[in-house]
Amino acid sequence: MNATAVLTAEDAGFAYRGAPAVLHGVSLDITAGRSVGLVGESGAGKTTLLRLLLGLTRPTSGRILFEGAELRPRDRELTRRFRRSVQSVFQDPYSSLDPRQRVGRIVSEPLCSLGLTAEAGAEGDGSGARGGRALGIRARGARRDDPRVGAALEAVGLPADAALRYPHEFSGGQRQRVAIARATVCDPRVLLADEPVSALDVTTRVRIVDLLLELKESRGLTIAMVSHDLSVVAALCEWTAVLEYGRVVEQGDTASVLGSPSHPYTRRLIASVPRLPAADGTAG
Amino acid sequence: MNVLDVQGLTIRTEEGRDLVSDVSFSIGAGSRLGLVGESGSGKSLTALAVMGLLPPGMTASGSIALTAHGAPPAEIVGATERALNGLRGRAATVVFQEPLTALDPLMRLGAQLAEPLRARHGRGLRGAALRRAVEEALDRVRLPEPGRIARAHPHEISGGQRQRVALAMALACEPALLIADEPTTALDVTVQSEVLALLDTLVADRDMALLFISHDLAVVSAVTDHVLVLKDGTAVESGSVADIVGRPVHPYTRDLVGSARHLESALERIVR
């Protein structure tokens, strides 16, 4: 498909064994510099599509392409490159961080499992030579004093001593920052996020949206995000795809999809968004 | 006459920490109050205190007076379980956030709805008359095919439909006060707007008092006329929706309104 696409869903479909398909022929490009919002109701297939793009689930029809090549778990070289380029953030910051690991260890995890610790740890306990899988289990690895861990924590606005603390010592918003630090520590090109701000309070939500905006600008990060919140999509994504019953019913520039929706479902979605009364007290 | 009158409500844990301190508000028949705040602000605890349902170990002090249709005001703080049971349903009922946990997964919806109906109309209500009452109650919350829904188990219907059933159960006793604790937070946006519209008409038709709890100012402003803003268990500001949203005074309220507007602004620029 598109030559510049990092990730491509090519006519991708998915069905659980013996059940009707939950995703039908979805085609979507995730292109560098063009963040994508996936919107739709619960059960529309947003998260399934995200899991396909993440390589967590294989499509039962169609293909998922990474830099033009089909994603195959057997292809170690490609998978490693894929994992380095595409990272993820999930909805619930309470369940996505291991409660028994210090934040420094959590954030350094991608460096360990991708075998990116060799150049930092000079004494190198064979980390460069060993296979990635062995590293994932054994490596005490990219120690918490790895400068990249500190830099990632700093980039998400957490204090330097955060690395020494445990997840329970942080608030929901701070935990989501830890999750974002973990996802960005290996400098990925694409961040796949499933409802990254919906578990957060409004004031915290604004700060995390601002953080993601900043990462987009400063690092050239491309975000592909599932969200039921159209304002978050409008703030972060240049491209919007609307899903209904497992099909993309409409996709295009966010401004045109949300500004002049052509599909009746998109129109209904936009009309349903609760709005604050006008600021000047002229609320009708 | 106020249906609900809360004066100096304080909720304390066993360790002596105040989770809600000195909160006062009242709601008259036919009026609506929104309780707004972020997680941990004490919104839900306040609702539970009004129902006399505080978790073990927590104690309420102050006064919560509930007045059911023509009865003398009843004090909730310190009331016996027996007295509370007489008030629940008739004086006040709650709709919670998650209808999947509010409904019994093993019981048909009709049987669950029959319980409050029989509590209201007496044990004599059974057989065809009970079936008819159940279907009427489901019909009132605009559920299609009430007969099918009455025979279904909770997992067989959608989230929006479950919340409608929960609402039908809450309304079965024709309460003077309805407490809705984040009733649409678990629902899709399109379903949310339908349920909010339904809640709006049902409350208006019955001249009920409504205590609506939400973290979302936009949702609150769609349903209520007055708002009380809670932060860390203290009421920081109260007033009409237009005032709170248009001219917030307290720094926290300003932050709350500002954040909501900031988020909305990205969409506002596109959707006109």
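Residues numbered from 1 in each chain as written. Chains lettered and ligands numbered in written order. Predicted model: local features only at pLDDT ≥ 70, side-chain atom pairs only at ≥ 80, totals over all residues.

For chain B, an unreviewed UniProt entry supplies the name ABC transporter ATP-binding protein and the organism Streptomyces corynorhini. Recorded under Sequence similarities (unreviewed entry), the UniProt text for chain B is reproduced unchanged: "Belongs to the ABC transporter superfamily." On record in UniProt, under Subcellular location (unreviewed entry), the comment for chain B is "Cell membrane". (UniProt positions renumbered as here; feature names shortened; annotations may be inferred.)

In the annotation of an unreviewed UniProt entry, chain A is listed under the name ABC transporter ATP-binding protein and assigned to Streptomyces corynorhini.

Colleague: Residue-level account of the nonpolar core, with values.
Modeller: Among the nonpolar cores identified, the biggest contains 162 residues, and Leu53(A), Leu113(B), Ala168(B), Leu177(B), Ile179(B) and Leu211(B) are the most heavily contacted of them. At eight residues, the largest contribution of residues to this core is made by helix H7 (residues 159-172) of chain B. Leu113(B) has contacts with Val134(B), Ala137(B), Val165(B), Ala168(B), Met169(B) and Ala172(B), leaving out every residue within four places of it along the chain. (Core = buried A, V, L, I, M, F, W, Y, C linked by C-beta atoms within 7 Å. Buried ≥ 20, exposed ≤ 12 C-beta atoms within 10 Å, placed from the backbone. Helix = DSSP H or I, 4+ residues; strand = E, 2+ residues; numbered from the N terminus. Contact = placed C-beta atoms within 7 Å.)

Colleague: Before we move on, can you summarise the domain arrangement of chain A with the specific residues and values?
Modeller: Much of the literature gives interface size as the accessible area that the parts lose upon coming together. Residues and elements named next belong to chain A. On domain assignment, one finds that chain A holds domain 1 (5-97 + 189-272) and domain 2 (101-165). Taken together, the contacts link six residues of domain 1 with six residues of domain 2. The leading source of residues in the side of domain 1 that touches domain 2 is helix H2 (residues 76-85), at three residues. Residues belonging to the side of domain 1 that touches domain 2 are distributed by class as follows: two nonpolar, one polar and three charged. (Domains from an automatic or database assignment. Nonpolar A, V, L, I, M, F, W, Y, C, P; charged D, E, K, R; others polar.)

Colleague: Now, about the interface of chain A and chain B: what can you tell me, with residues and values included?
Modeller: Taken together, the 31 residues of chain A in the interface contact 30 residues of chain B. Contributions of two or more residues to the side of chain A that touches chain B are made by helix H7 (202-219), helix H8 (230-236), helix H9 (254-259) and helix H10 (264-272) of chain A. A breakdown of the residues in the side of chain A that touches chain B according to their chemical character gives 17 nonpolar, eight polar and six charged.

Colleague: Before we move on, could you go through the sheet that holds strand S2 (residues 21-31) of chain A and cite the residues and values that matter?
Modeller: Hydrogen bonds between backbone atoms are what pair the strands of a sheet, whose relative direction is either parallel or antiparallel. Residue and element names in this part refer to chain A. Reading across the sheet, the four strands line up as S2-S1-S4-S5 and stay open at both edges, with antiparallel pairing between neighbours. The outermost strands of the open sheet, each flanked by one partner alone, are S2 and strand S5 (69-70). Of the pairings in the sheet, the one linking strand S1 (residues 5-15) to S2 comprises seven bridges and is antiparallel in character. Its bridge partner lying in S2, alanine 9 is registered against leucine 28. Across the face of the sheet, helix H1 (residues 46-54) comes into contact with S1, S2 and strand S4 (61-66) while running at roughly 125° to S1. (Pairing = 2+ DSSP bridges. Axes fitted to C-alpha atoms, helices over the stretch in contact; angles between N-to-C directions.)

Colleague: I'd like to hear about the UniProt feature "domain: ABC transporter" (unreviewed entry) in chain B, residue by residue, with values.
Modeller: As recorded in UniProt, the feature "domain: ABC transporter" (unreviewed entry) lies at residues 4-257 of chain B. As annotated, residues 4-257 of chain B has a helix share of 41% and a strand share of 25%, and its two end C-alpha atoms lie 27 Å apart.

Colleague: Now, about the environment of Pro56(B): what can you tell me, with residues and values included?
Modeller: Residues and elements named next belong to chain B. Turning to its location among the elements, proline 56 is positioned in the loop between helix H1 (43-51) and strand S4 (59-66). Taking the number of C-beta atoms within 10 Å as the measure of exposure, proline 56 has 5 and is therefore exposed. C-alpha of proline 56 to C-alpha of threonine 201: the two residues are 145 residues apart in sequence and 36 Å apart in space.

Colleague: Quick rundown of the sheet that holds S4(B)? Include the residues and the values.
Modeller: Residues and elements named next belong to chain B. Spatial strand order, S2-S1-S4-S5: four strands in an open sheet with antiparallel pairing. Only two strands of the sheet have a single neighbouring strand rather than two, namely strand S2 (18-28) and strand S5 (74-75). Relative to S4, strand S1 (residues 2-12) runs antiparallel, the two sharing seven bridges. Bridging across to S4, valine 6 finds its partner in isoleucine 64. Packed onto the sheet, H1 meets S1, S2 and S4 and runs at close to 115° relative to S1.

Colleague: Describe the pairing of strand S10 (residues 247-253) of chain A, and please don't skip the residues or the numbers.
Modeller: All names here are of chain A. Two strands pair when backbone bridges link them, and strand S9 (residues 239-244) and S10 are joined in this way by six bridges, in the antiparallel orientation. From the neighbouring strand, valine 242 faces S10, where its bridge partner is glutamate 250. A loop of two residues connects S9 with S10, the two strands running antiparallel in sequence, and tyrosine 245 in this loop sits at a positive phi of about 45°.

Colleague: Tell me about the environment of Gly28(B), and name the residues and values.
Modeller: All names here are of chain B. When you line up the elements, glycine 28 lands in strand S2. Between the C-alpha atoms of glycine 28 and glycine 52, which are 24 residues apart in sequence, the distance is 20 Å. Residue contacts for glycine 28: discarding those within four places in its chain leaves Asn2, Val3 and Ala209.

Colleague: Provide a residue-level description of unusual backbone geometry, including the pertinent values.
Modeller: Non-glycine residue Tyr245(A) carries a positive phi angle of around 45°. Position of Tyr245(A) relative to the elements: it lies in the loop between S9 and S10. Even without being a glycine, Glu145(B) presents a positive backbone phi close to 50°. Inspection of the secondary structure puts Glu145(B) in the loop between helix H5 (127-140) and helix H6 (146-151).

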